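# Commentary on secondary and tertiary structure
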Amino acid sequence: MPHMRIEYSHGLTVPEVESLCRAVHAAMVGAGIFPLAGIRVRAFCADVAIVADGDARNDFAALTLTVGAGRSTEALRAGGDLVFRAAQEALAHRLSEPHFALSLEIRVIDPELSWKDTPIHARLSGQKKD
């Protein structure tokens, strides 16, 4: 962990989504509270979406950052602020339009209800060779 899931509407282009993914990844790395080996950024286009008043011009990007337990609310808020600002900058042109919605939510996983098997951590920490 942390894993960023970006759900977005069909109106966003692939280059816009790629730029958003790179921006939030860089912000997650820069936050300094997330282990590099655990960072994942994934984006999924919603097959069907009706946004707000149903106007066909309405688009959205909904970001959900899922993290493991153990960080303070203050640290998560600061990290979330960095990530959200990065998303706002990446989508500034969209946010200047009256038909766009951007959101970010952080969810904390209960460690008692989470299973992982991730050799990437060992490789990035130097415990295993490539």
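Above this text is the structure in question.
So, here is what we can say about the structure in this document. (Residues numbered from 1 in each chain as written. Predicted model: local features only at pLDDT ≥ 70, side-chain atom pairs only at ≥ 80, totals over all residues. Heavy atoms only, no water.)

When you go through the chain residue by residue, the secondary structure sums to 4 helices and 4 strands. Counted from the first residue to the last, the chain has its helices and strands arranged as β-α-β-β-α-α-β-α. Dimensions along the principal axes, computed over C-alpha positions, put the chain at roughly 50 × 35 × 25 Å. Burial status across the chain gives 33% buried among its 130 residues. Seen as two clouds, the 14 positive and the 16 negative side-chain charges of the chain have centres 8 Å apart. (Helix = DSSP H or I, 4+ residues; strand = E, 2+ residues; numbered from the N terminus. Buried < 20%, exposed > 50% of the residue type's maximum accessible area, 1.4 Å probe, protein only. Lys, Arg positive; Asp, Glu negative; His and termini not counted. Charge placed at Lys NZ, Arg CZ, Asp CG, Glu CD.)

With that out of the way, let us pick up the sheet that holds strand β4 (residues 100-109). Within a sheet, each strand pairs with its neighbour through backbone hydrogen bonds, oriented either parallel or antiparallel. Strand order in the open sheet made by the 4 strands is β2-β1-β3-β4, with mixed pairing throughout. Whereas interior strands pair on both sides, the edge strands pair on one side only; in this sheet they are β2 (40-45) and β4. Geometrically, the sheet is characterised by an average inter-axis angle of 15 degrees between neighbouring strands, direction not taken into account. Here 6 bridges tie strand β1 (residues 3-8) to β2, and the two strands are oriented parallel to one another. By the bridge assignment for β2, His 3 is matched with Arg 40. Contacts between helix α1 (residues 14-31) and the sheet are confined to β1, β2 and β3 (59-68), with β2 contributing the most and set at about 155 degrees to the helix. Where helix α2 (residues 73-90) meets the sheet, its contacts fall on β1, β3 and β4, and the angle it forms with β4 comes to roughly 150 degrees. (Pairing = 2+ DSSP bridges. Axes fitted to C-alpha atoms, helices over the stretch in contact; angles between N-to-C directions. Contact = heavy atoms within 4.5 Å.)

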